[in-house]
Amino acid sequence: MKRWQCVALALVVAALIAAPFSLKPHGIYLLSMWAVMSIAAIGLNLTLGYAGQISLAQAAFVGIGAYCTAILTTMHGWPFPATFALGAVLCFVVGWLLGYPALRVQHHYLAFVTLAFTTLVFLVLRNEEWLTKGIYGIVGIPRPTLLGWSTKEPRDFYYLCLIVLGLVSWLIWHLVRSPWGRAFMALRENPVRASSLGVDTRRYTLMAFAIGSALGGVAGSLYAPLVEFIDPTPFTLALSLNLLLMVIVGGSGYFVGPFLGAIVSVLLPEWLRVAEGLYLIIYAVAVMALMAVCPSGLLGLAERLIRPAAKKGAP
Amino acid sequence: MALLQILISGLATGAIYALVAVGFMLLWQTSQTINFAQGEFVMLPAFFVLAAMKFGGLPFGWALVIGMLASLIVLGVVFKYLLVDPMLKHGVLPLVISTIAFALFLKEGVKEWYAAEAQPFPAVWSNDNIEIGGAVLSVQNLVIIAVAIAAVALLQWFLARTRTGRCMQATAQNPALARILGVRVELMILYTFLINAALVALASFLISPIYLAKFSNGETLGLAAFIAAIVGGFNQVRGAIAGGLVLGVVDNLAAAYISTQYRAAIPLFLLIAVILFRPQGLLGRAEERSV
């Protein structure tokens, strides 16, 4: 990292830690939601931005993680860390099992298979009442107490989300720079060349897909106690499309992309609420305009604005 | 005779899916547009008609004409020039995001500016039933099937037998070569968008009397069109038709004989099975991949 990047990172982290002191509970809730959605989007960015595969299954993995935590903590009294870990592992395994046949096909076909998967998971969540309580949902999902630290208050739970987000970012930062991450990018750029250089294309694509899915599960495990009530409706295709939107709008393949995309998707509609019923309409127009002006997302736009300036400054 | 009734109503639903799927597939073929707003495209024309009747005071017949014209302009011309054209050079993904946003825009727009509740929509045909050989068939379903068959037959004839239709096919298969041969590629692509707009408007007028006109109707319809296009074969008109009909029948049979709760799951299994074992679709040809 360059020095200005370190400074910027430190400032952002400081701002995130200080933020809840000047916010009402609803503001803190939104920031926590931003952190949770960022985690899910980081997972999707790994699949889409680095390995180049369009997945619409991320909502299903968030749902699986959320229900895993909700069911085990409310009905079976499991401790949160155990359900959290199980949610991630479960999504990793399901992602692997889904990816194994699904990655036989690529690009838009993969998008359609994963689209079908999301809808199927939604149907199971809605119909299997003995397990998920169906449309009535699961109420009273407890916020955990970790090592004597109760996260019952919104601010404490926000810090928990922030810590997990930090850990995930740190892991993915290193993953992307490891030989594995390089292999992922080689797959995106030129799969034929990658395989001729000895990269086991299928195994690495599957790996990127499974890790991305596991991050969806992590996000879900935090989502359930954050909202404290879950039913199947948040985990439809709409969430998958929304996560895809976050990754692309932020800038797919950029490390910071998902964070920005989650801001646009979680916070922008809230800021537009002053426009009442029009807010989703304005939001939709803003997204279309951004895509028309700069298809590589906000970071692509920033890069385009900064680059010519940097060139001028160079001797 | 229950089976015959289920088959007929399945074919009627399927015929509507087929209309939507054909338009969806034509857009993909000629301009690589995966239109995630296709379902909302079916939802909207019914509201054009309702608005023309409510605010313009027009009789139903004229309102249908206005609705069709408005669809051609908004869903054909405006959609192409304002949304698709600026995005085409950037590849498939940004366009996908844009159509998702457009779907949201149409849905919320209707909800905000017209109505959030389901609106009754007058039927073009009577709501009676007739009895043939002991089976009670609704006239409406039979009309839907007839209109859809006529529309598709007309389209097939246009694509295969007229000069313009052949130019459109050439554009879909190889735009660069078509251009060299003097085909006005841009114009052909515009025709495709207009045909899609006409097909979704037709589907909208046929389905709205049954399902009522509601802003959120597009979600299920869009998914059905997707599945129909892929199951049938992404690169052929008759594939999309077959896909639509199969989907409609399977959907109705599943609802009647398997489980109403999981009726939506059956088409998805069909979709997954087709993609895994026959990715080019039931009637499609394998797409050639360039390295």
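Definitions and limits used
- Residues numbered from 1 in each chain as written.
- Chains lettered and ligands numbered in written order.
- Predicted model: local features only at pLDDT ≥ 70, side-chain atom pairs only at ≥ 80, totals over all residues.
- Helix = DSSP H or I, 4+ residues; strand = E, 2+ residues; numbered from the N terminus.
- Buried ≥ 20, exposed ≤ 12 C-beta atoms within 10 Å, placed from the backbone.
- Contact = placed C-beta atoms within 7 Å.
- Rg over C-alpha atoms; globule rule 2.2 N^0.38 Å.
- Nonpolar A, V, L, I, M, F, W, Y, C, P; charged D, E, K, R; others polar.
- Expected span 1.5 Å × (residues − 1).
- pLDDT = per-residue confidence, 0-100.
- Core = buried A, V, L, I, M, F, W, Y, C linked by C-beta atoms within 7 Å.
- Axes fitted to C-alpha atoms, helices over the stretch in contact; angles between N-to-C directions.
- Parallel < 35°, antiparallel > 145°, perpendicular 65-115°, else oblique.
- Left-handed = near helix turned anticlockwise from the far one by under 90°.

A. Summary view of the overall build of chain A. Along its length, chain A carries 14 helices and four strands. By its C-alpha atoms, chain A is 65 × 50 × 40 Å across when sized along the principal axes. For chain A, with 315 residues in total, the buried portion stands at 48%. Of the contacts formed within chain A by residues at least 6 apart in sequence, a portion of 76% connects residues at least 24 apart.

B. Local environment of the overall build of chain B. A count of helical and extended segments in chain B gives eleven helices and two strands. Of the regular secondary structure in chain B, the N- to C-terminal order runs α-α-α-α-β-β-α-α-α-α-α-α-α. In terms of overall size, chain B behaves like a compact globule, its C-alpha atoms giving a radius of gyration of 19 Å where 291 residues would be expected to give roughly 19 Å. In terms of overall dimensions, chain B has C-alpha extents of about 60 × 50 × 35 Å along its principal axes. A total of 291 residues make up chain B; the buried ones form 50% of that total. Restricting the contact set of chain B to residue pairs at least 6 apart, pairs at least 24 apart contribute 73%.

C. Region of interest: the interface of chain B and chain A. Residue-level contacts link 30 residues of chain B with 28 residues of chain A. Of all the secondary structure elements, the ones that give two or more residues to the side of chain B that touches chain A are α3 (60-88), α4 (92-113), α9 (218-232) and α11 (265-277) of chain B. In terms of residue count, the dominant contributor to the side of chain B that touches chain A is α4(B) (twelve residues). Among the residues making up the side of chain B that touches chain A, the classes are represented as 24 nonpolar, four polar and two charged.

D. Just helix α2 (residues 38-56) of chain B, in detail. Residues and elements named next belong to chain B. With 19 residues, α2 ought to run about 27 Å at 1.5 Å a step, and its terminal C-alpha atoms sit 27 Å apart, in line with that. Counting buried residues in α2 gives 14 out of 19 residues, a clear majority hidden from the surface. Just downstream of α2 lies Gly-57, where phi reads positive at about 65 degrees.

E. Quick look at unusual backbone geometry. Of note in this structure, A:Glu228 is not a glycine but carries a positive phi near 70 degrees. Relative to the helices and strands, A:Glu228 is located in the loop between α10 (201-227) and β4 (229-230). Within the chain, B:Leu212 stands out as a residue other than glycine whose phi angle is a positive 65 degrees. Tracing the backbone shows B:Leu212 in the loop between α8 (185-211) and α9. A tally of 14 C-beta atoms within 10 Å means that B:Leu212 is categorised as partly exposed.

F. A look at the confidence of the model for chain A. Residues and elements named next belong to chain A. When pLDDT is averaged along chain A, the result is 82; 95% of the residues meet or exceed 70. Helix α3 (residues 58-75) holds the highest mean pLDDT among the elements of chain A, 91, whereas helix α14 (residues 297-313) holds the lowest, 66. Across residues 310-315 the pLDDT falls below 50, and counting only partners more than four positions away or on other chains, this stretch makes zero contacts in the model.

G. View of the nonpolar core. By size, the foremost hydrophobic cluster in this structure holds 201 residues, and its most contacted members are A:Val36, B:Ala18, B:Val20, B:Ala21, B:Val22, B:Ala228 and B:Leu271. In terms of residues, this core owes the most to one element, helix α1 (residues 2-31) of chain B, which gives 16 residues. Excluding anything up to four places from it in sequence, B:Ala228 contacts B:Tyr17, B:Ala18, B:Ala21, B:Ala240, B:Gly243, B:Gly244 and B:Leu247.

H. Quick peek at the packing of helix α6 (residues 163-173) of chain B against α8(B). Residues and elements named next belong to chain B. Orientation of α6 relative to α8, taken along the N-to-C sense of each, is 100 degrees, at an axis distance of 9 Å. For the element pair α6 / α8, the angle class is roughly perpendicular. Mapping the contact onto sequence places Thr-164, Cys-167, Met-168 and Thr-171 in α6 and Val-185, Met-188, Ile-189, Tyr-191 and Thr-192 in α8. The residue makeup of the contact of α6 with α8, split by class, is six nonpolar, three polar and no charged.

I. View of the packing of helix α4 (residues 80-102) of chain A against α10(A). All names here are of chain A. Where α4 contacts α10, the two axes come as close as 7 Å, and the packing angle between them is 145 degrees. The hand of the α4/α10 crossing is right-handed. Contacts between α4 and α10 involve Thr-83, Phe-84, Gly-87, Ala-88, Leu-90, Cys-91, Phe-92, Val-94, Gly-95, Trp-96, Gly-99 and Tyr-100 on the former and, on the latter, Leu-206, Phe-209, Ala-210, Ser-213, Ala-214, Gly-216, Gly-217, Val-218, Gly-220 and Ser-221. Here the contact of α4 with α10 is composed, by residue class, of 13 nonpolar, nine polar and no charged.

J. Quick peek at the confidence of the model for chain B. All names here are of chain B. Taken as a whole, chain B shows an average pLDDT of 84; of its residues, 93% reach a score of 70 or greater. When pLDDT is averaged over each helix and strand of chain B, the minimum, 74, is found for strand β1 (residues 129-132) and the maximum, 91, for α2. Interface confidence for the predicted complex, given as ipTM, is 0.80, next to a pTM of 0.82.

K. Molecular detail of the environment of B:Pro94. By the secondary structure assignment, B:Pro94 is in helix α4. A tally of 23 C-beta atoms within 10 Å means that B:Pro94 is categorised as buried. It is 21 Å that separates the C-alpha atoms of B:Pro94 and B:Asn196, two residues lying 102 residues apart in sequence. Discounting chain neighbours no more than four positions away, the residues touching B:Pro94 are A:Ile248, A:Met291, A:Pro295 and B:Met87.

L. Examining the environment of A:Gly52 more closely. All names here are of chain A. Within the secondary structure layout, Gly-52 lies in the loop between α2 (25-50) and α3. With 139 residues separating them along the chain, Gly-52 and Pro-191 place their C-alpha atoms 9.8 Å apart. Apart from residues lying up to four places away in sequence, Gly-52 is in contact with Leu-187 and Arg-188.

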